[in-house]
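# A look at the structure
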Amino acid sequence: PLEELFQEQADVGIVLGRRNFANCDSELLHSGEAVLVVSNQHTLAGSKEVSLAELENELVVVKTLGHDSEGDFTSKCLELGISPVIKHESDNLKSIHHLCSSKNFVGLSIDYLEKIFTNEDLEVVKIRENIPRNLYFVSRQRDGRNKAVNLFYNYLKDLKVAGQ
């Protein structure tokens, strides 16, 4: 669906994860990485960093990413010889937070989202194995980039710098 959107209707978009869209350029807008979210009562709470191997018997809820060519949680786990028990996938961060706090699941989220949407009942734990969760600015390829597209891109880059 996104591929068709960029070919038919959209001039620009902000996409989570690197994807190759035909006739489009993509530029890194913001770097991020996957993190774990756990309730304050979870056994992983209080940990600054954990390995994916420590999730062997945990029930995990993940933020849906679609087709991301940069890093896949399941692939990273399989490389380590573990099979994660994914109980639920969601685009809704509030839903992931609720499942972590009410069901004591481990949530897979994104560092910059957790900085914005904090929850006092949850702790964020860094993952030792880096799983990128970058934002990309995608625009249709043209002979020269449209002035409005350039202004929008520069606005977003300035916004990112101001927000750091």
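For the structure, see preceding data.
One structure accompanies this document, and this report is about it. (Residues numbered from 1 in each chain as written. Predicted model: local features only at pLDDT ≥ 70, side-chain atom pairs only at ≥ 80, totals over all residues. Heavy atoms only, no water.)

### Examining the packing of aromatic side chains
The final tally for this structure, using the stated rule, is two aromatic pairs. Ring plane angle 55° and centroid distance 5.0 Å describe the contact between F137 and Y153, whose orientation is recorded as tilted. Placement of the pair is F137 in strand 9 (residues 135–140) and Y153 in helix 5 (residues 147–163), with a sequence separation of 16 residues. Note on accessibility: F137 and Y153 belong to one class, buried. By way of ring pairs, the aromatic residues F137, F152 and Y153 are connected into one cluster. (Phe/Tyr/Trp six-rings, centres within 6.5 Å; stacked < 30°, edge-to-face > 60°. Helix = DSSP H or I, 4+ residues; strand = E, 2+ residues; numbered from the N terminus. Buried < 20%, exposed > 50% of the residue type's maximum accessible area, 1.4 Å probe, protein only.)

### Let's talk about the nonpolar core
Counting 18 residues, the largest nonpolar core has L36, L52, L55, F73, V106 and L108 as its most contacted members. For this core, the leading source of residues is strand 3 (residues 34–39), giving three residues. Those residues in contact with L55 that lie beyond four places of it in its chain are L36, L44, F73 and V106. (Core = buried A, V, L, I, M, F, W, Y, C linked by side-chain atoms within 4.5 Å. Contact = heavy atoms within 4.5 Å.)

### As for the side chain of E114
Mapped onto the elements of the fold, E114 is located in helix 4 (residues 111–116). A polar contact is formed between the side chain of E114 and the side chain of H97, at a distance of 2.9 Å. Excluding its chain neighbours within four sequence positions, the residues that come into contact with E114 are V35, V37, L93, H97, S109 and V124. (Polar contact = N/O pair within 3.5 Å; in protein donor to acceptor, adjacent residues only side chain to side chain.)

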